[in-house]
Amino acid sequence: MSIWLDGRLQDVDTARVSVFDHGLTVGDGVFETVRATDGRPFALTRHLDRLTRSARGLGLPDPDHDEVRAACAAVLAANPMPLGRLRITYTGGHGPLGSDRGAQGPTLIVALGETTRRPDSTAVVTVPWTRNERGALTGLKTTSYAENVVALARAHQHDATEALFANTVGQLCEGTGSNVFVVLDGEIHTPPVASGCLAGITRALTVEWTGARETDLPMDVLARADEIFLTSTLRDVQAVHRVDDRELPGAPGPVTAKAMRIFDERSGEDLDP
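Residues numbered from 1 in each chain as written. Predicted model: local features only at pLDDT ≥ 70, side-chain atom pairs only at ≥ 80, totals over all residues. Heavy atoms only, no water.

Peer 1: Is there a simple way to think about the sheet that holds strand S1 (residues 2–5) in this case?
Peer 2: Pairing between sheet strands relies on hydrogen bonds along the backbone, with the strands arranged either parallel or antiparallel. The strand order across the open sheet formed by 6 strands is S2-S1-S6-S5-S3-S4, and the pairing between neighbours is antiparallel. Of all strands in the sheet, those with a lone pairing partner are strand S2 (8–11) and strand S4 (40–41), marking the two edges. Where helix H2 (residues 44–58) meets the sheet, it contacts strand S3 (29–37), S4 and strand S5 (83–91), and its direction lies at approximately 170 degrees from that of S3. Against the sheet, helix H3 (residues 65–78) touches S1, S2, S3, S4, S5 and strand S6 (107–114), its axis set at about 30 degrees to S6. (Pairing = 2+ DSSP bridges. Helix = DSSP H or I, 4+ residues; strand = E, 2+ residues; numbered from the N terminus. Contact = heavy atoms within 4.5 Å. Axes fitted to C-alpha atoms, helices over the stretch in contact; angles between N-to-C directions.)

Have a look at this one:
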């Protein structure tokens, strides 16, 4: 397995990042996960645009899109696989042990791991912790991910694959690595970005392709929604068959099934929508 680090391909067993890298010491970094099918990345332009927005939100220099594209192409060519998780990590680079940044410039890492297609439906749980819709990192895809690690571990303890958060005012927000949609009276709704959720790439495409509405939603909508589904880079559109103790028999329901079909068709027609 080869990864991209320090401007070149390196063997995964010998590649090393400094123990003083700010991405490690203080979580000063951003990342993107891109689906790659037979060596072809999906929606890479949108992912690179969001990588830049996240970097700017942290005050990091803009990543060089040409360099990142070249790194992705090199890693994909060096590691052929049917379905892969392409991870782009961009950190503050070598720095002091405190919060101040160093002067050596950012670190860029591109790695690839093999994955498999997700099941058509899954179970989720709600968690007692909240997303801060007014925080400094709100809407940024940063490497400060420990909150998601804790919540996802809670989900796994309850035989679920995702945990859903409310925001500080009790509205439905997002999952640890996904956006959430609900179907009410045949209409698809998803929390707006102002709720504090990440502006997911798959979320945006699903809104565009299905006509879903961005709506402020109370958490109890999960107890009464006709259908619920998640979106993310590796889930695409995935139905939910259980929320906490509530079963949703027959998932995916008809509206979700149509959304799944539309996403599969549209994403297959255009690899960089």
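After that view of the structure, there is still more to cover.
Peer 1: I tried to follow the environment of glycine 113 on my own but got confused; where do I start?
Peer 2: If you trace the backbone, glycine 113 turns up in strand S6. Taking the C-alpha atoms as reference points, glycine 113 and asparagine 79, 34 residues apart in sequence, are found 8.8 Å from one another. Ignoring anything within four residues of it in the chain, the contact list for glycine 113 reads Met81, Leu83, Gly84 and Arg85.

Peer 1: What exactly am I supposed to notice about the nonpolar core here?
Peer 2: Note on soluble globular proteins: their nonpolar side chains tend to be buried together. Core analysis: the biggest nonpolar cluster contains 24 residues, and Trp4, Cys72, Leu86, Ile88, Tyr90, Leu108 and Val110 have the highest contact counts within it. In terms of residue count, the dominant contributor to this core is H3 (6 residues). Filtering out sequence-adjacent residues up to four positions away, leucine 86 remains in contact with Glu32, Thr33, Val34, Cys72, Val75, Leu76, Val110, Ala111 and Leu112. Judged by nonpolar contacts, the second largest core, of 17 residues, contains Val183, Leu205, Trp209 and Val237. (Core = buried A, V, L, I, M, F, W, Y, C linked by side-chain atoms within 4.5 Å. Buried < 20%, exposed > 50% of the residue type's maximum accessible area, 1.4 Å probe, protein only.)

Peer 1: Would you explain the side chain of threonine 52 in this entry?
Peer 2: Position of threonine 52 among the secondary structure elements: in helix H2. Overall, threonine 52 belongs to the buried group, its relative accessible area being 8%. The contacts of threonine 52, once residues within four sequence positions are left out, are Asp62, Pro63 and His65.

Peer 1: What's the story with the packing of aromatic side chains in this structure? I'm lost.
Peer 2: How two aromatic rings sit relative to each other is set out by the distance from centre to centre and by the angle between their planes. Evaluated as defined, the whole model comprises 4 aromatic pairs. The interplanar angle of 10 degrees and the centroid separation of 4.8 Å between the aromatic rings of phenylalanine 181 and phenylalanine 229 together place this pair among those described as stacked. Of the two residues, phenylalanine 181 is situated in strand S10 (residues 179–184) and phenylalanine 229 in strand S13 (residues 227–232); the sequence distance between them amounts to 48 residues. Phenylalanine 229 carries the same exposure label as phenylalanine 181, and that label is buried. Geometrically, the ring pair formed by tryptophan 209 and phenylalanine 263 is tilted, given 5.3 Å between the ring centres and 50 degrees between the ring planes. One end of the pair, tryptophan 209, is in helix H5 (residues 201–210); the other, phenylalanine 263, is in helix H6 (residues 254–269), and 54 residues separate them in sequence. Residue tryptophan 209 is classed as buried on the basis of its relative accessible area, which comes to 12%. Looking at phenylalanine 263, the relative accessible area reads 2%, which means it is buried. Ring pairing ties together the aromatic residues Phe42, Trp209 and Phe263, which thus form one cluster. (Phe/Tyr/Trp six-rings, centres within 6.5 Å; stacked < 30°, edge-to-face > 60°.)

Peer 1: What is the right way to look at a nonpolar patch on the surface in this model?
Peer 2: Together, Val19, Phe20, Leu24 and Leu97 give the surface a local cluster of nonpolar side chains, amounting to about 430 Å² of exposed area. Mapped onto the elements of the fold, valine 19 is located in the loop between S2 and helix H1 (22–25). (Patch = residues over 30% accessible without salt bridge, like charges linked within 9 Å, V, L, I, M, F, W, Y side chains within 5 Å. Areas by Shrake-Rupley, 256 points an atom, 1.4 Å probe, with all protein chains shown as cover. Salt bridge = Lys/Arg side-chain N within 4 Å of Asp/Glu carboxyl O.)

Peer 1: Please explain H5 as it appears in this structure.
Peer 2: Residues spaced three or four apart along an α-helix point in a common direction, a consequence of the helix completing one turn every 3.6 residues. Among the 10 residues that make up H5, 7 are buried, leaving the element largely enclosed by the rest of the structure. Among all positions in H5, only Ile201, Thr202, Arg203, Leu205, Thr206, Val207 and Trp209 are buried. Just downstream of H5 lies glycine 211, where phi reads positive at about 75 degrees.

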